[in-house]
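A closer look at the structure
One letter stands for each residue in the lines below.
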Amino acid sequence: MRLAGRGRIVAPVLGIGNDGWKMVMISARQACDAGFWAGFNPGLTIDGTDNGFPAIDAARFGLSAVSDHFWQEGYFRIEDVLPSAPLLALRTGIERLVAEGLPPVMIYLYDEAWQVFAALRPLLTHFLGDKIALLPHFWALHVDPQSAGRGWPPHRDYQGDSVIGDDMAISLSLWVPLSIASPDNGCMYVLPRSFEAAYGAPVTDPAQVALQDVRALPAVPGTVMGWRQDVYHWGGRASRFASEPRISLSLEFQNAAFDPMGDPLLNPDHPPCFAERLALIAGQFGKYRHMQDISPEMGDWAQDILSFLNAKHA
């Protein structure tokens, strides 16, 4: 172990993610200290503070047209939904994490990351009904053009049914850009459901996708995108000529009237406390190992955090 700036203890563990971050971990013990994280990003809160993030006015977005697009193509993209100030604070928080060698997903330790999605309840209600649960599935990405960073490979967020018929969603994935997302820095791509329907069978391999059917989804901060969880989608690879990284948050939700699709289901109106957040974050590394290049050392670090939390609360 060695001492780093500001007196924190850092374990000499190095791993390279597929978006190029170099991860020099703090110790598991220190990761379990809420005070450390509060001081690390003083522009964000970590103690459950209500930062006055207002719920969006869903009526102004023409949800009838949004729904038509969603049910035809499998996704929606709505611009100018979220205010810029909290998004900029979250972007700054992620950039600070990455600069210090820490994974971007640690941003979910902070209240604002949860409050952004809580503000979207009116939109979620439109698709999922009044009973909404937050699934314990989330991630944050910092796709670095200078290291040939890339988003996640082609996949579906859920392999089973995510809708019933043509008007009831069981689950929904939301994606929020914190920086400009463009083809240059690895924006999202999707195979629209209307195109895949003509294939005769669901795509199981990227080679089955006709290139002209691929749709790029560039977006700017303030935009919210969502898709049914059986939509085939992926993130692009960034060009070294891109002017900025692609920074984004994602979270998944379900209609709580149906059987749980994850454990534990969370209340979107009352985000988990610090220890619960940390345990959830640590659990994501093993969950998404097949999507994100995660070094064995990082996996061990996450397990050490879970072990420390379990011992602390035993």
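Being a predicted model, the structure only gives us computed values, none of them experimental.

One can find lysine 312 in helix H9 (residues 296–312). On the accessibility criterion, lysine 312 (51% relative accessible area) is exposed. When the C-alpha atoms of lysine 312 and glycine 160 are compared, they prove to be 37 Å apart, with 152 residues separating the residues in sequence.

Turning next to the sheet that holds strand S11 (residues 233–235). The three strands are arranged S9-S8-S11 in an open sheet whose pairing can be described as antiparallel. Both outer strands of the open sheet, strand S9 (215–217) and S11, are each paired with one neighbouring strand and no more. Geometrically, the sheet is characterised by an average inter-axis angle of 30 degrees between neighbouring strands, direction not taken into account. Here strand S8 (residues 188–190) runs beside S11; their pairing, made up of three bridges, is antiparallel. The residue of S11 that forms the bridge with methionine 188 is glycine 235.

So, about the packing of helix H8 (residues 274–287) against H9. Closest axis-to-axis distance for the H8/H9 pair is 9 Å, and the angle between their directions is 150 degrees. Considering the angle they form, H8 stands roughly antiparallel to H9. Handedness of the crossing formed by H8 with H9: left-handed. The residues of H9 that touch H8, namely those facing Ala275, Leu278, Ala279, Ala282 and Phe285, are Met298, Trp301, Ala302, Ile305, Leu306 and Leu309. Of the residues belonging to the contact of H8 with H9, the class tally is 11 nonpolar, no polar and no charged.

Turning to the pattern of salt bridges, a few remarks are in order. Inspection of every chain in the model, using the stated rule, returns nine salt bridges. A salt bridge links arginine 150 to aspartate 293, with the shortest nitrogen-to-oxygen separation between them at 3.7 Å. Placement of arginine 150 in the loop between strand S4 (132–143) and strand S5 (163–164) and of aspartate 293 in the loop between H8 and H9 is noted, with a sequence separation of 143 residues between them. Under the relative-accessibility criterion, arginine 150 is labelled partly exposed at 23%. Overall, the relative accessible area of 38% leaves aspartate 293 in the partly exposed class. The salt bridge partner of aspartate 230 is arginine 228, with a shortest N-O separation of 2.7 Å. Overall, the relative accessible area of 7% leaves arginine 228 in the buried class.

Scoring rules and cut-offs
Every chain is numbered on its own, with residues counted from 1 as its sequence reads. In view of the model being predicted, local features appear only for residues whose pLDDT reaches at least 70, and side-chain atom pairs are presented and counted only at 80 or more, with totals across whole chains, interfaces and linings using the full set of residues. Note: side-chain values were computed over all heavy atoms of the structure, leaving out hydrogens and water. Comment: elements are numbered from the N terminus, with helices defined as DSSP H or I runs of at least four residues and strands as E runs of at least two. A 1.4 Å probe rolled over the protein chains alone gives each residue an accessible area, and that area as a share of the maximum for its type sets the label: buried under 20%, exposed over 50%, partly exposed in between. For two strands to be treated as a pair, DSSP must find no fewer than two bridges joining them. For helices, the fitted line uses only the C-alpha atoms of the stretch in contact; every axis is such a line through C-alpha atoms, and the angle between N-to-C directions lies from 0 to 180 degrees. Roughly parallel here means an angle under 35 degrees, roughly antiparallel means over 145, roughly perpendicular means 65 to 115, and every remaining angle is called oblique. By convention, the crossing between two helices is left-handed when the near helix turns anticlockwise from the far helix through less than a right angle, and right-handed when the turn is clockwise. Contacts were defined at the residue level, with two residues in contact if any of their heavy atoms lie within 4.5 Å. When residues are grouped by polarity, Ala, Val, Leu, Ile, Met, Phe, Trp, Tyr, Cys and Pro land in nonpolar, Asp, Glu, Lys and Arg in charged, and all others, Gly among them, in polar. In what follows, salt bridge is the name for a side-chain nitrogen of Lys or Arg lying within 4 Å of a carboxyl oxygen of Asp or Glu.

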